[in-house]
Amino acid sequence: MAFGGISRLTKRPAFAVVARYGLAVASVATALGTTLILRHYSFPAHFISHFTLIAIAITFWRAGTGPGLLAYLLSSLGVSILARNHFLLPTFKLEPFLIFYAIASLLMGWFSASRRRAERFLIEARNNLELRVAERTGELTRANEDLQNTQAELRRREAYLAGAQRLSHTGSFGWSLSTGEILWSEETYRIFQYDRTMTPTVELILQRVHPEDAALVKQTIERATQDRKDFWHEYRLVMPDGAVKHVYVVVRALNDESGSTEFVGAVMDVTAAKEATTIIFNARDALEKAFEEIKTLKDHLYKENIALREEIDKTSMFDEIVGSSEPLRRVLTQVAKVAATDSTVLILGETGTGKEMIARAIHRRSKRSNRAFIRVNCAAIPPNLIASELFGHEKGAFTGATQRRLGRFELADGGTIFLDEIGELPGETQSALLRVLQEREFERVGGSQSVAVDVRVLSATNRDLRAAVEAGTFRQDLFYRLNVFPIHMPSLRERMDDIPLLVEYLIDRYSKKVGKKIRNIDKKTLQLFQDYKWPGNIRELQNVIERAVVLCDSDTFSIDETWLKRDLPHDSAQMHTRLRGLGRLNDAQAREMIEAALAESGGRVSGSSGAAALLGVPRQTLESKITSLGINKYRFKSL
């Protein structure tokens, strides 16, 4: 215990020197003291050297060579003093004893030092071995963990691969030509429907091959073993239950330095794709046949449509344009000729003669018939809004313009625009319209970017535009642009022969609308229709017939003859006599006269039957008077 404590002290750097050399002094002093005590009690003399040798050995063993030599010198000095005084060994000679003692002490010290070094080396070797064993054990543990992780990752990837192969119906395989060994994945076994315990061979593959494909598959395998190159082939398999599978095989040849070859490939079950392709081909064939049938039916329908159109033309003449009089036939001939072109058409005629129907007939028979037909009544739009209505406006162009708005010309792009009452256009709008006709472009109100359009322009008016040009209210260049192909629509009094057809057509139309059956027409009523001059033309005729159909209580059509008497005199001279003093009347009288004229003309100011003509004043003068009196001329449109 004591020596162990000393040994531990010697390991501390602060006590190393003192403890080792102190051990030498203490061990020698203890040995000499023990020798004197034994001598005192008359123990044998040979114990003298034993204890000193033990002190030297202990010092060499515990403290090392330096303190051991110190112990050797101190012991030799002590023994020599005792021996010289013959205190310990009276029978021994001093010189041989000292020589013997020196040699024995050195041997004992060398043996102890060697033993100490050997033990230290063994401890260090053991510690190093334990350390290396611990390190190696840690390395092996980590390697084992890495191996387990790698195996788990491989198992996970193998599971993913197997799942992917099963989902895609694709198996993998390897074939070593040198050993003949063939390896299959689980999906390959499933495709060929073999048990996993069976060893794959070429013979097993050929057993599953369809008899019609067996020769080709065998030839492909033999050529692959000779050429040792990449290849692919497609063949059929016959399953034990008789089902047929289509497989597609892709093979890659891997050649190493030794010259041996291994094939690595994939086999895909493409049965579903083959069946889908067959279905698609069959469906395509069916669609082609259906298209052929549709084309044949389309040709038949086209021919029938042509025949039907010809029949309709013979009976009703351009859809709802009913009549067979010579003036109407001339108009329809003109329509048939101009419809196929893109020429600008100006339709002239009194109000109610059906100018819009002629415009629609031109559009329907033109190459633009499948595009838009836009109608604009220029007289029904306030002068300050007509430009925005026709050409659109940008956001913020004027108060209330909260967003961009497309005009009628943009909406009619590629189609036809019909400008009714063209004579009512303000002067600034006439300039913009002229630009559209000349350059096929315009600018929106409040905008600076030009907008190009491809629009066919049809226009209509009941005014005398030549007189308006001479009066300076209508641009001469615009008139010539609009008057490329004029069509004059005859009034109803010019085509009195069409009245029976029109009456019959309109009675049938309105009786179906109200759910009545009218089979006969009163002869007196028909005579009244033919004798009446119809200043309102077909529109007036429609209104009279619709009113009569609504009021009719029997299956015979008739009217009250008072319906065909006008409230205002027809003699314009009489009207002029009554109203020429307009400038000399007060505001109340002028208002009454103007409102009466507007009621007579249906709210129209200009034109031969307009309020200005009835009052015998220029249109601009009447317009100014209407504005100053605050008369709303638009409220008379429905009268």
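Note that the structure is a prediction, hence the values are computed from the model and not measured. (Residues numbered from 1 in each chain as written. Predicted model: local features only at pLDDT ≥ 70, side-chain atom pairs only at ≥ 80, totals over all residues. Heavy atoms only, no water.)

### Examining a negative patch on the surface
Stage number 1. Residues Glu181, Asp256, Glu257 and Glu262 make up a contiguous surface patch of negative charge.
Stage number 2. When you line up the elements, Glu262 lands in strand 5 (residues 261-269).
Stage number 3. Its relative accessible area of 38% is what places Glu262 among the partly exposed residues. (Patch = residues over 30% accessible without salt bridge, like charges linked within 9 Å, V, L, I, M, F, W, Y side chains within 5 Å. Areas by Shrake-Rupley, 256 points an atom, 1.4 Å probe, with all protein chains shown as cover. Salt bridge = Lys/Arg side-chain N within 4 Å of Asp/Glu carboxyl O. Lys, Arg positive; Asp, Glu negative; His and termini not counted. Charge placed at Lys NZ, Arg CZ, Asp CG, Glu CD. Helix = DSSP H or I, 4+ residues; strand = E, 2+ residues; numbered from the N terminus. Buried < 20%, exposed > 50% of the residue type's maximum accessible area, 1.4 Å probe, protein only.)

### Some words on the sheet that holds strand 4 (residues 244-255)
Stage number 1. What the 5 strands build is an open sheet, ordered 2-1-5-4-3; its pairing is antiparallel. Of all strands in the sheet, those with a lone pairing partner are strand 2 (182-184) and strand 3 (231-238), marking the two edges. Averaged over all adjacent pairs, the angle separating strand axes in this sheet is 25°, with direction ignored.
Stage number 2. Relative to strand 4, strand 3 runs antiparallel, the two being bridged by 8 bridges. Looking at strand 4, one finds that Trp232 is bridged to Val250. (Pairing = 2+ DSSP bridges. Axes fitted to C-alpha atoms, helices over the stretch in contact; angles between N-to-C directions.)

### Here's the deal with the packing of aromatic side chains
Stage number 1. Under the counting rule described, the total for this entry stands at 14 aromatic pairs.
Stage number 2. Where Phe529 meets Trp534, the ring centres are 5.5 Å apart and the plane angle is 45°; that geometry is what we call tilted.
Stage number 3. The exposure class assigned to Phe529 is buried, which follows from its relative accessible area of 0%.
Stage number 4. Site record: aromatic cluster; members linked through ring pairs are Trp184, Tyr189, Phe192 and Tyr194.
Stage number 5. Lying across the ring of Tyr194, Arg208 places its NZ or CZ 4.1 Å from the centre. (Phe/Tyr/Trp six-rings, centres within 6.5 Å; stacked < 30°, edge-to-face > 60°. Lys NZ or Arg CZ within 6 Å of the ring centre and 35° of its normal.)

### Regarding the sheet that holds strand 7 (residues 373-377)
Stage number 1. The parallel open sheet is built from 5 strands, whose spatial order is 7-8-11-6-12. Two strands bound the open sheet, and with one partner strand each, they are strand 7 and strand 12 (485-488). Across the sheet, the mean angle from the axis of one strand to that of its neighbour is 20°, orientation sign disregarded.
Stage number 2. As paired elements, strand 8 (residues 416-420) and strand 11 (residues 456-461) share 4 bridges and run parallel to each other. Note on strand 11: the bridge partner recorded for Leu419 is Ser459.
Stage number 3. Sheet contacts for helix 10 (residues 326-339): strand 6 (345-348), strand 11 and strand 12; angle to strand 12, the most-contacted strand, approximately 155°. (Contact = heavy atoms within 4.5 Å.)

### Some words on helix 11 (residues 355-364)
Each α-helix winds once per 3.6 residues, and so residues spaced three or four apart point in a common direction.
Stage number 1. Listed as buried for helix 11 are Lys355, Ile358, Ala359, Ala361, Ile362 and His363.
Stage number 2. Looking at the buried positions of helix 11, the neighbouring elements they touch are helix 10, strand 6, strand 7, strand 8, strand 11 and strand 12.

### What about the packing of helix 10 against helix 11?
Stage number 1. Here helix 10 crosses helix 11 at 35°, and the two axes come no closer than 8 Å. The two elements helix 10 and helix 11 meet at a crossing, and its hand is right-handed. Residues Val331, Leu332, Val335, Val338 and Ala339 of helix 10 form the contact with helix 11, whose participating residues are Ile358, Ala361 and Ile362.
Stage number 2. Of the residues assigned to the contact of helix 10 with helix 11, the class counts are 8 nonpolar, no polar and no charged. (Left-handed = near helix turned anticlockwise from the far one by under 90°. Nonpolar A, V, L, I, M, F, W, Y, C, P; charged D, E, K, R; others polar.)

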